[in-house]
Amino acid sequence: MSIFGIVLFLLLGGMAFWLLVFLLGFAVPFWITLGAFEQLRPKKVFDEEEN
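Residues numbered from 1 in each chain as written. Predicted model: local features only at pLDDT ≥ 70, side-chain atom pairs only at ≥ 80, totals over all residues. Heavy atoms only, no water.

Draft legend 1. Seen up close, a nonpolar patch on the surface. A grouping of Leu-19, Leu-20, Phe-22, Leu-23, Leu-24, Phe-26, Val-28, Phe-30, Trp-31, Ile-32 and Leu-34 is seen on the molecular surface, where their side chains present a nonpolar patch of about 1,200 Å² in accessible area. You can see Ile-32 is positioned in helix α1 (residues 2-40). Given the relative accessible area of 54%, Ile-32 is considered exposed. (Patch = residues over 30% accessible without salt bridge, like charges linked within 9 Å, V, L, I, M, F, W, Y side chains within 5 Å. Areas by Shrake-Rupley, 256 points an atom, 1.4 Å probe, with all protein chains shown as cover. Salt bridge = Lys/Arg side-chain N within 4 Å of Asp/Glu carboxyl O. Helix = DSSP H or I, 4+ residues; strand = E, 2+ residues; numbered from the N terminus. Buried < 20%, exposed > 50% of the residue type's maximum accessible area, 1.4 Å probe, protein only.)

Put into structure tokens, the structure is as follows:
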């Protein structure tokens, strides 16, 4: 039964590790890049609705 606990611990730890790798390697830089482009985009003072 202790082998099952060790395997479960390693499985959950590995899943958490790869989730953090994904977040720090892709999701966070993507989010920061989108935020930077949003700040750099020129704002329109008068937005006209086109019908």
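Draft legend 2. Just the pattern of salt bridges, in detail. Under the counting rule described, the total for this entry stands at one salt bridge. Taking the shortest distance from any N to any O, the salt bridge between Glu-38 and Arg-41 comes out at 2.8 Å.

Draft legend 3. Representation of the packing of aromatic side chains in the model. This structure, assessed with the given rule, holds three aromatic pairs. For the ring pair Phe-17 and Trp-18, a centre distance of 5.0 Å and an interplane angle of 70° mean the geometry is edge-to-face. Assessed through its relative accessible area of 48%, Phe-17 is described here as partly exposed. A residue is classified by how much of its surface remains accessible, and Trp-18, at 58% relative accessible area, is exposed. Centre to centre, the rings of Phe-26 and Phe-30 are 5.6 Å apart; their planes meet at 10°, and the pair counts as stacked. Here Phe-26 pairs with Phe-30, and both are found in helix α1, just four residues apart, close to one helical turn. Residue Phe-30 is classed as partly exposed on the basis of its relative accessible area of 45%. One aromatic cluster is present, built from ring pairs that chain together Phe-22, Phe-26 and Phe-30. (Phe/Tyr/Trp six-rings, centres within 6.5 Å; stacked < 30°, edge-to-face > 60°.)

Any functional reading would require information beyond the geometric quantities listed.
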